[in-house]
Structures are given as C-alpha cells and as structure tokens.
Amino acid sequence: MQNTQAPIPQPPRVLTTKDLLYLKDALSWELLAFKKFHFFSQQVSNPEIKQALEKAGRMHQQHFQKLLTHLQVDNNAALASLPNQQQGTNS
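Analysis parameters
- Residues numbered from 1 in each chain as written.
- Predicted model: local features only at pLDDT ≥ 70, side-chain atom pairs only at ≥ 80, totals over all residues.
- Heavy atoms only, no water.
- Axes fitted to C-alpha atoms, helices over the stretch in contact; angles between N-to-C directions.
- Helix = DSSP H or I, 4+ residues; strand = E, 2+ residues; numbered from the N terminus.
- Parallel < 35°, antiparallel > 145°, perpendicular 65-115°, else oblique.
- Left-handed = near helix turned anticlockwise from the far one by under 90°.
- Nonpolar A, V, L, I, M, F, W, Y, C, P; charged D, E, K, R; others polar.
- Phe/Tyr/Trp six-rings, centres within 6.5 Å; stacked < 30°, edge-to-face > 60°.
- Buried < 20%, exposed > 50% of the residue type's maximum accessible area, 1.4 Å probe, protein only.

(A) Region of interest: the packing of helix H1 (residues 17-43) against helix H2 (residues 47-71). Axis separation between H1 and H2 bottoms out at 8 Å; the angle between their running directions is 160°. By the angle between their axes, H1 is roughly antiparallel relative to H2. Crossing angle aside, the handedness with which H1 passes H2 is left-handed. Of the residues assigned to the contact of H1 with H2, the class counts are 15 nonpolar, 7 polar and 3 charged.

Right, dumping it as structure tokens:
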C-alpha cells in the first residue's frame with residue numbers, strides 16, 4: 001500500500017493532547033541526542049571528529065528549538081477562532 005497523502009504544509013492551529021504528548025517525546029529525544037553529542041565531543045581528541053560531533057549536536061539543538069516554537073500557541077484562542085461545529089445534532 002502506497003501513501004499518497006501530501007504532507008501538511010504547516011502545523012495545525014490547535015494542538016490535541018496526542019499532539020502535545022508526541023511533541024514532549026520528540027523534545028526529549030532531541031535533548032538526549034544533543035546531550036550525547038556534546039558529551040562525546042568533549043571526549044575525543046581528533047579535531048575532525050570533534051567538529052562533526054559538535055555539528056550533529058547543534059543540529060539536534062536546532063530541532064529542539066524548532067519543536068518548542070510549536071508549543072508557543074495559545075490553544076484556547078486557537079480553539080475559539082475555529083468555526084462552531086455542532087456535534088451530535090439530529091434534527
């Protein structure tokens with residue numbers, strides 16, 4: 001089965017509980033990766049390897065910062081701006 005769904009061009013305006021849990025996990029993964037690369041870069045003496053480890057660490061730090069921007073949303077205001085959707089209306 002082939003996935004033909006187009007990627008979402010921007011994050012949704014409202015974050016669900018599931019979205020928040022996924023972001024929390026992703027932040028933890030990125031922070032751990034950053035810490036590990038930083039630690040290992042301090043352990044090596046080869047300048048080329050040290051530079052490569054520092055570069056990888058910076059990449060994970062940037063990913064962490066990017067994920068944080070998705071959490072800087074006023075979820076209540078975003079929910080209020082959505083069109084009213086009446087659920088369970090049987091006329």
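Picking up after the structure, the text goes on.
(B) Geometry of the packing of aromatic side chains. Throughout the structure, instances matching the rule amount to 2 aromatic pairs. Pairing Tyr22 with Trp29 gives two aromatic rings, centres 6.1 Å apart and planes at 80°, and the pair type is edge-to-face. The same class applies to Tyr22 as to Trp29, namely exposed. Between Phe39 and Phe40, the aromatic rings sit 5.3 Å apart at their centres with planes inclined by 70°, giving edge-to-face as the arrangement.

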